[in-house]
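Read off the chains here:
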Amino acid sequence: MMKLQPIPALAIILYAVAGISLATGAASGQETAEKPYAAKGAQTCMECHDEPPVTLILHTPHAQKADARTPFASHDCETCHGASPQHLRKEEGSDKRPPVSVKFGVKSSTPVEEQNKVCLGCHEGGLRMNWQASAHHNADQPCAACHTIHATKDPILTRTAQADVCFTCHVEQRAQYRQRSRHPIKEGTVICTDCHNPHGSFGPKLLKEASLNDLCYTCHTEKRGPFLWEHAPVRDDCTNCHTPHGSTQERLLKVRTPYLCQECHMEAQHPSTLYSGASLPPTGTGERILAKGCLNCHNKVHGSNHPSGVRFTR
Ligand code: HEC
Ligand code: HEC
Ligand code: HEC
Ligand code: HEC
Ligand code: HEC
Ligand code: HEC
Ligand code: HEC
Ligand code: HEC
Ligand code: HEC
Ligand code: HEC
């Protein structure tokens, strides 16, 4: 979970004297010593920002004043947005006011690194242990690309709403999940974060397990074996035959049988040569038989535990 270490009382006093915010983000350091926080905290800000979605933060864990770890236990809004006295006054001879010290979002003028420092000040570690090496960090994505702070419930933390947030950027996966065979994402049965950790992981492609097969085994345990007779491509990588998100073929297969099998078994010889992939015409009776055929006989394609299952027929 989160690495939120208790802060000793003495340290809090010292921090306060030095003018350092408990949130170790952009709001900390010398800057804050010169820039005092709003006298009445959130109340000051909410004199103007008194409407949703901004005010919805009051219903979230971040606004729990009684919880010493939260932004509202120190400088309220400015724990995240930074001390912003400049923003409380209009510019001379103008209706505009200078922006707050830290603005969040993909389009913000505050550098991503600076935005994320605020959040990581309280949320380093845990799920974010590998953030600095993650694809999203490397692609310069702010935390706020996925997270909505001013919402009663952050959509990305809701099983049925999560995918739509990811799909705003990952349009290819959106298309895959519209196909005939797919993991049940729409239903919320399986979600992106059952397989990926968007904050970074030890596996490839932000996968939550060290290898792709280990990931699949977490839910499809019966495919782990061990089998008396292993089918080499299954042990090697499930994506030799399957695609993880969605497919126009049934059972998430990359290609339909018999073509799938024939990609590797073109030379297969059978008791009757009729079953040889090599001798098949591109279309016709033989193919129709075989379209179902490979699996009708070789129905233990993931491996067999039968003493005479060496050909995966039982
Ligand atoms: C006197 C009214 C007023 C007060 C008080 C006020 N704001 Fe604003 N704020 C505005 C207006 C108006 C805008 C719209 C941007 C503009 O036109 O300058 C704005 C914009 C913002 C934005 C959007 C990004 C930006 O800066 O353009 C943030 C974030 C923000 N305010 C946070 C705060 C916080 C935090 C406080 C308290 C420290 C606060 N505001 C206090 C009037 C106010
Ligand atoms: C001052 C510390 C602090 C800062 C700064 C902070 N958070 Fe949090 N955050 C917390 C605490 C404390 C919780 C509640 C954790 C709990 O209940 O275990 C929390 C909860 C969350 C949650 C879970 C919310 C839920 O509904 O369960 C998310 C997501 C989150 N923070 C993201 C962020 C992001 C993104 C930022 C930066 C924009 C940020 N936080 C800045 C302290 C902070
Ligand atoms: C690409 C999208 C994405 C980005 C970018 C992202 N998050 Fe998250 N975050 C998620 C998702 C999805 C979850 C829900 C994870 C789960 O349930 O396994 C989550 C959960 C969380 C939580 C609540 C769960 C917990 O760890 O206690 C916190 C806090 C959080 N993120 C903080 C951050 C911070 C800080 C950053 C920036 C450094 C960040 N996130 C960047 C997608 C993202
Ligand atoms: C945990 C960090 C955090 C705290 C605390 C926080 N904000 Fe924000 N604020 C954000 C993030 C992140 C965004 C980007 C939009 C979002 O996530 O909802 C944002 C966006 C805004 C915006 C711009 C909204 C828009 O439409 O563009 C305003 C205004 C604002 N905050 C005001 C406030 C005020 C007022 C408070 C205190 C009552 C406050 N914020 C407290 C993180 C925070
Ligand atoms: C059942 C597990 C699973 C689920 C659920 C899942 N993914 Fe994946 N995803 C994978 C695997 C496995 C790969 C790696 C595929 C490969 O290497 O061929 C991957 C790869 C990716 C890639 C990288 C593609 C590339 O070509 O580099 C993206 C982006 C992605 N997934 C996004 C998502 C999004 C968004 C969701 C939710 C809507 C999601 N995934 C749900 C297993 C999953
Ligand atoms: C604001 C845009 C944005 C959002 C939202 C977003 N991503 Fe990404 N994601 C990116 C970018 C940019 C990359 C890196 C370039 C690429 O591979 O497309 C990336 C890469 C990835 C990869 C490939 C990692 C690799 O090592 O190649 C996966 C997997 C992924 N994202 C999953 C997710 C999931 C799951 C979510 C939702 C929880 C999500 N993303 C939300 C922008 C986003
Ligand atoms: C979080 C659990 C989970 C993970 C991880 C997972 N799956 Fe699934 N998988 C499911 C569920 C749930 C179904 C739907 C079962 C059903 O409808 O009866 C499913 C269905 C399937 C199907 C059948 C699809 C169909 O159309 O009938 C295949 C093939 C499959 N998964 C392959 C994989 C592969 C390959 C991996 C690893 C990349 C993987 N799964 C990872 C949960 C998971
Ligand atoms: C050599 C190709 C191949 C490989 C590699 C492969 N599969 Fe399959 N898989 C199939 C075929 C073909 C079907 C359809 C079987 C049917 O319809 O009777 C299937 C069906 C499935 C199904 C749905 C039906 C069932 O048996 O539960 C799941 C789940 C599944 N595979 C998971 C996996 C996992 C997990 C891996 C990796 C450990 C994997 N597959 C590797 C060919 C393969
Ligand atoms: C990615 C390549 C690949 C795919 C696709 C593939 N196989 Fe295999 N298959 C192999 C390899 C490699 C072996 C091990 C060959 C050996 O040991 O000589 C094997 C072994 C077999 C064997 C046992 C052969 C023997 O000599 O003991 C059978 C039967 C078989 N596969 C059937 C199938 C069927 C049916 C499909 C389609 C559902 C299929 N294979 C898809 C690569 C593949
Ligand atoms: C009518 C049942 C049947 C059908 C249909 C069938 N096979 Fe076979 N296959 C067998 C039997 C039985 C053997 C074992 C022959 C032996 O031991 O001499 C075998 C052996 C094999 C072998 C191992 C022998 C070799 O020559 O390498 C492979 C690979 C193979 N089949 C692949 C396939 C593929 C691919 C398909 C679909 C195009 C398919 N089979 C369709 C029954 C069938």
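This is a predicted model, so every value here is computed, not measured.

A. Here's a closer look at the site of ligand 5. In the region of ligand 5, 17 residues are neighbours, and C192, C195, H196, K205 and H245 sit closest. Within the side chain of H196, a nitrogen or oxygen atom sits 2.8 Å from a nitrogen atom of ligand 5. For ligand 5, a nitrogen atom lies 2.8 Å from a polar atom in the side chain of H245. Elements represented by at least two residues in the shell around ligand 5 include exactly α7 (162-167) and α9 (192-195). Top element by residues in the shell around ligand 5 is α7. It accounts for three residues. Residues of the shell around ligand 5, tallied by class, amount to 11 nonpolar, five polar and one charged.

B. Representation of the coordination of the iron atom of ligand 4 in the model. Protein coordination of the iron atom of ligand 4 is provided by H81 (NE2) and H150 (NE2), with donor distances spanning 2.0 to 2.1 Å. Taken together, the six donor atoms coordinating the iron atom of ligand 4 span angles of 88 to 180 degrees at the metal, a pattern that classifies the geometry as octahedral. Here H81, found in helix α4 (residues 77-81), pairs with H150, found in the loop between α6 (135-138) and α7; they are 69 residues apart in sequence, far enough to count as distant.

C. Molecular detail of the side chain of T60. Relative to the helices and strands, T60 is located in the loop between α3 (42-46) and α4. Of the residues examined, T60 reaches a relative accessible area of 6% and is grouped as buried. For T60, the side chain forms a polar contact with the main-chain oxygen of I57, separated by 2.7 Å.

Conventions we followed
- Residues numbered from 1 in each chain as written.
- Chains lettered and ligands numbered in written order.
- Predicted model: local features only at pLDDT ≥ 70, side-chain atom pairs only at ≥ 80, totals over all residues.
- Heavy atoms only, no water.
- Near = heavy atom within 4 Å.
- Polar contact = N/O pair within 3.5 Å; in protein donor to acceptor, adjacent residues only side chain to side chain.
- Helix = DSSP H or I, 4+ residues; strand = E, 2+ residues; numbered from the N terminus.
- Nonpolar A, V, L, I, M, F, W, Y, C, P; charged D, E, K, R; others polar.
- Donors = N, O, S within 2.8 Å, 3.2 Å for Na, K, Ca; no water.
- Tetrahedral: all angles 85-135°; square planar, octahedral: opposite > 155°, others 65-115°.
- Buried < 20%, exposed > 50% of the residue type's maximum accessible area, 1.4 Å probe, protein only.

Everything listed is a geometric property; what it means functionally is a separate question.
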